[in-house]
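Residue-level structure breakdown
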Amino acid sequence: MSKNKKKKQSRMSASTKENLKLGASAIISNAAVVELGQKKPWYGAIITALLSVVLAALPILTTSLKTKGGDILKGTTYGYETGLVHFQQDLNAFEKKVEWNVEKGSLTVTRWKEFLSTESSGSIDTEPWYHHVSNVTNKVDFAVFVAFNSKTETLLEGKDFSDYVAKVYNGINPSTGAKIGTTLNVNVGTPSSESAETTSDKNHVNTIIFGKNTFRVMKAKANGEWAEASVGSLRDYSGGELPLNSLVKNVSAEPDAVETYIADTKKAWSNYLDKAAEKQIIGSAWKMTGLMAAIFVFFLFFMGLMIFIMTRGKNNPYRIYTFWMTQKMSYWGAFTPALLGMIIGFFVRVEILQFLFIILFGLRIMWLSMKTLRPQA
């Protein structure tokens, strides 16, 4: 008798089987969604809603984490690695050597101003930063800023550095407040030498700006516009010693070695930028995922509210559904769009990814409202 009792106790109850069957059928059945919302406990709906939000947000997180700091040197680079090579060659030509020291995540630069006084730096009094001028186009095609505090002679940090970067981003000389390029004898960026206007907003060039604890890598297109997503990434010195220190020592004058040196420069900087942007990429990924998850939670609530409002007609037979019942219907109905959104999300562009679940869920609720909750249904 005791064995038979144990067997009976271990068996799944009929009600549990019914609930599982009903929950599974809700994947495609709107009638099951309505029944679950009307008759079943709240905790099942809440668990399904939370699981749906997680599934919908998962591809956003994983896709965001795939971004690498070194991506700026992949695909179309607009000659960024070539600009780095020229910069390293000009640094190498300076006899006293500029020293770039990273300790505990902070950068110190010595003899930078002395370097700017040399002809190879391309610097002038009113624009005290490194310029490289193309021998072919006679235009500045690469610039390096070291953001010093003019009073303390230390590198800028925090808001001061952000303000400095903002000026460069907007084409403003951080030293004088004038438009960048107004006092140069060569053009900056893409405007032609025949044009009367050589200081337009679209004359940016590939740029690096070094601060005390962070630096910016800014890539410009061939038409003088900033490349998308190239100026928003704040990079730190998590990679330790800058690639400059080793690459400057390895500058070769042999023509056959130039291509190898360019490739080495691209690889070294790409690896360094991966580490430099890692903290920000992880933080941004979680921040974006959290924001989208909050939007998804609100959308689940909103669609439940829409179902409640649509069933409020005076003669609507579904007027019997309470506000909480329609909320549960929304939660139960979210699982399938979330699952589909997760699967499709790994194959679509990031721009669409953030709205994929909202679109699919909106279609599911519209289908439910039109086919199952119509008064004449």
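Structure: see above.
Residues numbered from 1 in each chain as written. Predicted model: local features only at pLDDT ≥ 70, side-chain atom pairs only at ≥ 80, totals over all residues. Heavy atoms only, no water.

**Topic: the pairing of strand 6 (residues 206–210)**
Taken across its 5 residues, strand 6 has 5 buried, putting it largely inside the fold. Across 5 bridges, strand 4 (residues 139–146) lies against strand 6 in parallel orientation. Paired with F142 across the two strands is N206, which belongs to strand 6. Inspection of the sheet shows strand 6 paired to strand 7 (residues 214–218) by 4 bridges, in the antiparallel sense. Note that in strand 7 the partner of I208 across the bridge is V217. (Buried < 20%, exposed > 50% of the residue type's maximum accessible area, 1.4 Å probe, protein only. Helix = DSSP H or I, 4+ residues; strand = E, 2+ residues; numbered from the N terminus. Pairing = 2+ DSSP bridges.)

**Observations concerning the environment of D274**
Locating D274 in the fold gives a position in helix 9 (residues 255–310). For D274, a relative accessible area of 23% corresponds to the partly exposed category. Residues in contact with D274, not counting those within four places in the same chain, are K68, G69 and G70. Only 2.7 Å separates the side chain of D274 from the backbone nitrogen of G70, close enough to count as a polar contact. (Contact = heavy atoms within 4.5 Å. Polar contact = N/O pair within 3.5 Å; in protein donor to acceptor, adjacent residues only side chain to side chain.)

**Examining a nonpolar patch on the surface**
Residues L58, L340, I343, I344, F346 and F347 make up a contiguous nonpolar surface patch of roughly 570 Å² in combined accessible area. Per-element accounting of the nonpolar patch gives the leading share, 3 residues, to helix 11 (residues 335–345). The class of L58 is partly exposed, set by a relative accessible area of 34%. (Patch = residues over 30% accessible without salt bridge, like charges linked within 9 Å, V, L, I, M, F, W, Y side chains within 5 Å. Areas by Shrake-Rupley, 256 points an atom, 1.4 Å probe, with all protein chains shown as cover. Salt bridge = Lys/Arg side-chain N within 4 Å of Asp/Glu carboxyl O.)

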